[in-house]
Amino acid sequence: MKFVRRVAIILFILGSGLLQNPPSVFGLPPSVLPISAAPSLEAPIYFKATGHSLGGKFRRYWETHGGLALYGYPLTPEFYEQGFIVQYFERNRFEYHPELAGTAYEVLLGRLGSQRLELEGRLPVRPANPSPITGAQFFPETGFSLGGVFAGYWQRKGGLAQFGFPITPEIAENGRNVQYFERARFEWFPEYRGTDYEVLLGLLGRDLADRLEPALRDRWAENPPEVSLKLESSPAPLAPLAPIIITANLDGELRLLGSDNRQYAAYNLVAGVPRTAYAAGAPGLQSVLFYRQGEIVTARWNSLNVAPPQNGILSGDPVWDGMYQRVKGFLEKDVVVYYSPQDGKPIRGYRSPDTPFLWLRDHVHQAKAFKFFETDLKSTLDYFRTTQRPDGSFDDYIQHYPGYEVYKAQIEIEADREYLFVEGVWTTFQATGDDDWLKANLAAMERGLEHTFTDPRRWSSELGLVKRGFTIDTWDFEQGSAGFNIRRSFDAQTRWSVMHGDNTGAYMAARRLAQIERYLGRPTQAALWESRAANLLQNLNRLAWNGQFYTHQLHLTPVDPTGIDEKTQLSLSNAYALNRGTLSPAQAAALIRTYQARRVQNNGRIFAEWYSIDPPFAVGFGPPGQYVNGGVMPLVGGELARGAFEYGFEAYGVDILQRYWQLLDRSGGSYLWYFPDGRPGIGTEATLPTDGWGAAAMLNALTEGLAGVTDNGKLYRDVTLSPRWAITDRTQAQVTLGYGASGAYFSYRWQRQTDKALTLTWGGAQTQKVNLHLLLPPNFVPKQLLVNGEPQTFSLSQIESSLYLDTNLPANGQLEVRGSGKAGLRTED
């Protein structure tokens, strides 16, 4: 019998972009029917009527798409036909397509209606002059109509997705009225008029199964006898990265599928030679496929059971191992739930430590941590999007008191809401992987940044930079005309200035929006935002960079005396600049050294160099050394630590995280700010010791900095992996990070085997690409890199005094770095 090669089908579907709404077009590849998202089914079910069983993915498909009534009994077991696993039923044929593993189209129905006509020499022919039939549905794709009882059945039982388009008119065949569709034949039984049996599907599966060649009948077996595949592992359930020893009696390729049927690993096997694979992928029951020469040969359905991953770090050090749970505990106390006055839906977000208000900025900054466990990342951003103002700006906060409606407000002087909205959308997209939600937010992001880059109250066209009133860095009150008479709105007395943090934030958001535009297929819009970002950065570095850090404010109008030389002031957004892509390595190093020098300079006077601003204002912004006028802020320390890890000051990053841990022990919690002597800054009785803003920044420094896991896209599909454990005294560390909203995760295990060898094992649920940037121990000279037992090329890069090994890795596996030299701890100037 003659079959259409499915490779061509898949290429057509992928190339045409039709997987989102798969059609079934006459003369083109068949429609495909989505797989249910239900969990994998375990035991097969046996049908005494035919003597065959049905299990795994085919059972799931059968049970969720019509079952016995539509497909009938199984007539064969699973077997291998034209390189694919298939199973025949009375009315159709199921085909398994591992090249679509993890999509809704992994199981395809055979085009048995078309195939039956072709076998009988009755090739479907489109009418030369098709004309609609009155009262029937016309399908221009094939030129045929569908009406009467057949139309009702077609619509009730699944329509286009189930049966495809009609490929003949209603005709008489063997004494009955029938009509052929791409994947079925409808038959009318008037004697059963008014019952569920008035229309039945023809037994096309039985008809075609009877035509199978005897040679194929002889190969009917769940696993062909010539293939032997042996799996050995520890007792189930397996922890992520647990070893699985696999042996085959033939050369071939092994592919591992998670419980979502998505391939997460591939290994080459040599006959008789055991090969170690590493458990990863979506947790639950997993399957193993074995290929030879590009075609599947055998499978072990649901043969592995992988346990759900647990976020955190296991290294034996209480700081690294305890940080995730400690920060998670803080943030869980910061949750507030309001209800939208528009539709009554809950708005779940993360509050300010000083008030029960839900501030957009506090919520977005805390997402660096709550993305790992929160399942509702959308409702707060959805509310701010739906209440976006006509000029493109957003409100600052919402609040709700029992018995009153939700109240929202905007602090006019602020210039960060719009770029923070972009950051919040991006973080949520990474954690959820929801393309449709990302598209739904695109216009709001564009309007928000357009407001930033064009509104005369926000944009200085003379300097080509973002402007605001004269505030302390990114905070929300302007210096008053006398004393501490703060002001939050624009008027004739506004002291216009340019603050560097607004501009590094706008730069980062414009670059991120360009990335989103390209991802969504809008290169022209992406180029626009890239150009705006480049121009802004050029202006900012020309006007605000003083050789060591960004100057606090550039005054556009005169400012009252402040009692301080503003040129010496190091303000908090400098720490953010380290992580917004605006600094060259030389600039970043100069900035970090400035913070280190200030620490030495202020030793004994200020307990940590995480300044809101240093030195503080003498007049105009409240008492020096308090709150944002010189208070010490963990949010600055977290951003500073993250930058230190990135730019070759790894020991300094470790030191900051350790000092933060000690601060938590001393103060009994995490506060937004501290006095210079280390006392917590408690403003009112409502102040919580669970500042999620600073805690999230510190955790981010640990997860992306020291642990070195950065998600470059969504769902950890594209990961930059930069383990920096060589700067610590640890000899091993296992890191697992996953998103609460989607379950996507990435895990790795780093080990310093000896002074001359390092190993790394890694894997994830949906990981496809890993870019390795591995910190090497001091005095360690790498000689050879083995990836899954095979030699691989690598390059070396030096950042300050730190040496990194760089290479590209597959989605899952183990590497070994062999070298020479005596490993020790690195120190920095």
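Above this text is the structure in question.
Procedures and definitions
Residues numbered from 1 in each chain as written. Predicted model: local features only at pLDDT ≥ 70, side-chain atom pairs only at ≥ 80, totals over all residues. Heavy atoms only, no water. Helix = DSSP H or I, 4+ residues; strand = E, 2+ residues; numbered from the N terminus. Core = buried A, V, L, I, M, F, W, Y, C linked by side-chain atoms within 4.5 Å. Buried < 20%, exposed > 50% of the residue type's maximum accessible area, 1.4 Å probe, protein only. Contact = heavy atoms within 4.5 Å. Axes fitted to C-alpha atoms, helices over the stretch in contact; angles between N-to-C directions. Left-handed = near helix turned anticlockwise from the far one by under 90°. Phe/Tyr/Trp six-rings, centres within 6.5 Å; stacked < 30°, edge-to-face > 60°. Expected span 1.5 Å × (residues − 1). Bend = angle between axes of the 7 residues up to and from the residue. Polar contact = N/O pair within 3.5 Å; in protein donor to acceptor, adjacent residues only side chain to side chain. Pairing = 2+ DSSP bridges. Salt bridge = Lys/Arg side-chain N within 4 Å of Asp/Glu carboxyl O. Lys, Arg positive; Asp, Glu negative; His and termini not counted.

### Description of the environment of T134
Thinking step 1. Tracing the backbone through its elements, the reader meets T134 in the loop between α4 (112–119) and β7 (137–139).
Thinking step 2. The sequence separation of T134 and G147 amounts to 13 residues, and the corresponding C-alpha distance is 9.0 Å.

### Comments concerning the nonpolar core
Thinking step 1. By size, the foremost hydrophobic cluster in this structure holds 154 residues, and its most contacted members are W610, W725 and Y748.
Thinking step 2. With residues near it in sequence (within four places) discarded, W610 still touches G631, V632, M633, P634, V636, G637, L640, I656, R659, Y660, L663 and M698.

### A few points about the packing of helix α13 (residues 435–454) against helix α15 (residues 523–544)
Thinking step 1. Between α13 and α15, whose axes approach to 13 Å, the crossing angle comes to 35 degrees. The two elements α13 and α15 meet at a crossing, and its hand is left-handed. When α13 is examined against α15, the residues E446, L449, E450, F453 and T454 are found in contact with a partner set consisting of Q525, W529, R532 and L536.

### What to know about the packing of aromatic side chains
Thinking step 1. One pass over the structure, following the stated rule, counts 40 aromatic pairs.
Thinking step 2. Seen from their ring centres, F139 and F165 are 5.6 Å apart, and the 70 degrees between their planes marks the pair as edge-to-face. Of this pair, F139 sits in strand β7 while F165 sits in the loop between α6 (159–163) and β9 (171–173), and the two are 26 residues apart along the sequence. Here F139 matches F165 in class, with each residue buried.

### Digging into helix α9 (residues 318–332)
Thinking step 1. With 15 residues, α9 ought to run about 21 Å at 1.5 Å a step, and its terminal C-alpha atoms sit 21 Å apart, in line with that.
Thinking step 2. Its maximal kink placed at Y324, α9 deviates by approximately 30 degrees.
Thinking step 3. Burial in α9 covers these residues: V319, W320, G322, M323, Y324, V327, K328, G329, F330 and L331.
Thinking step 4. On its buried face, α9 sits against β20 (312–314), β21 (335–339), β22 (346–350), α10 (360–370), α19 (650–667) and α20 (692–706).
Thinking step 5. N-cap assignment for α9: the residue whose side-chain oxygen lies 2.8 Å from the backbone N of V319 is D317.

### Section: the sheet that holds strand β30 (residues 553–555)
Thinking step 1. Within the open sheet, the three strands sit side by side as β28-β29-β30. Their pairing is antiparallel. Only two strands of the sheet have a single neighbouring strand rather than two, namely β28 (468–469) and β30.
Thinking step 2. Bridge count for strand β29 (residues 496–499) against β30 is three bridges, and the pairing is antiparallel. Across the sheet, residue M499 finds its bridge partner in β30, namely Q553.
Thinking step 3. In the packing of helix α14 (residues 500–519) onto the sheet, the strands contacted are β28 and β29, and the crossing angle to β29 comes to about 55 degrees.

### Observations concerning the sheet that holds strand β24 (residues 397–399)
Thinking step 1. Ordered by their spatial adjacency, three strands build an open sheet running β23-β24-β25, and the pairing between neighbours is antiparallel. Of all strands in the sheet, those bounded by a partner on one side alone are β23 (358–359) and β25 (407–409).
Thinking step 2. Pairing analysis gives two bridges linking β23 to β24, with the strands arranged antiparallel. By the bridge assignment, W359 is partnered in β24 with Y397.
Thinking step 3. Together, β23, β24 and β25 form the strand contacts of helix α11 (residues 379–386), whose direction differs from that of β24 by roughly 105 degrees.

### Quick look at the pairing of strand β38 (residues 769–775)
Thinking step 1. Taken across its seven residues, β38 has six buried, putting it largely inside the fold.
Thinking step 2. As paired strands, strand β34 (residues 718–721) and β38 are joined by four bridges and run parallel to one another. From the neighbouring strand, L721 faces β38, where its bridge partner is L772.

### Considering the pattern of salt bridges
Side chains that carry opposite charge are capable of pairing whenever their charged atoms lie near each other.
Thinking step 1. All told, the structure shown has 52 salt bridges when counted by the stated rule.
Thinking step 2. Of the charged contacts, one joins D396 and R417 as a salt bridge, the two residues approaching to 2.8 Å between their closest N and O atoms. Separated by 21 residues along the polypeptide, D396 in the loop between α11 and β24 and R417 in helix α12 (residues 417–432) bring together distant segments of the chain. Just as D396 is buried, R417 falls in that class too.
Thinking step 3. If you follow the salt bridges from partner to partner, you end up with R116, E120, R122, E173, R185, E187, D207 and R211 in one network.

### Thoughts on the side chain of E198
Thinking step 1. Relative to the helices and strands, E198 is located in the loop between β11 (184–188) and β12 (199–201).
Thinking step 2. The buried charged residue E198 lacks any salt bridge, with R193 as its nearest oppositely charged partner at 4.3 Å.
Thinking step 3. Polar contacts involving the side chain of E198 include one to the side chain of W188, which spans 3.1 Å.
Thinking step 4. With residues up to four places along the chain from it excluded, the contact list for E198 reads V149, E187, W188, F189, Y192 and R193.

### Some thoughts on unusual backbone geometry
Thinking step 1. P237 follows A236 through a cis peptide bond whose omega is 0 degrees.
Thinking step 2. Within the secondary structure, P237 is located in the loop between β13 (229–233) and β14 (243–248).
Thinking step 3. In this chain, D614 is followed by P615 through a cis amide linkage whose omega measures -5 degrees.
Thinking step 4. Positive phi, normally seen in glycine, also occurs at N779, with a value near 65 degrees.
Thinking step 5. Inspection of the secondary structure puts N779 in the loop between β38 and β39 (781–787).
Thinking step 6. A relative accessible area of 60% means that N779 is categorised as exposed.
Thinking step 7. Of note, the phi angle at N788 is positive, near 50 degrees, even though the residue is not glycine.
Thinking step 8. Note on N788: relative accessible area 16%, which makes it buried.

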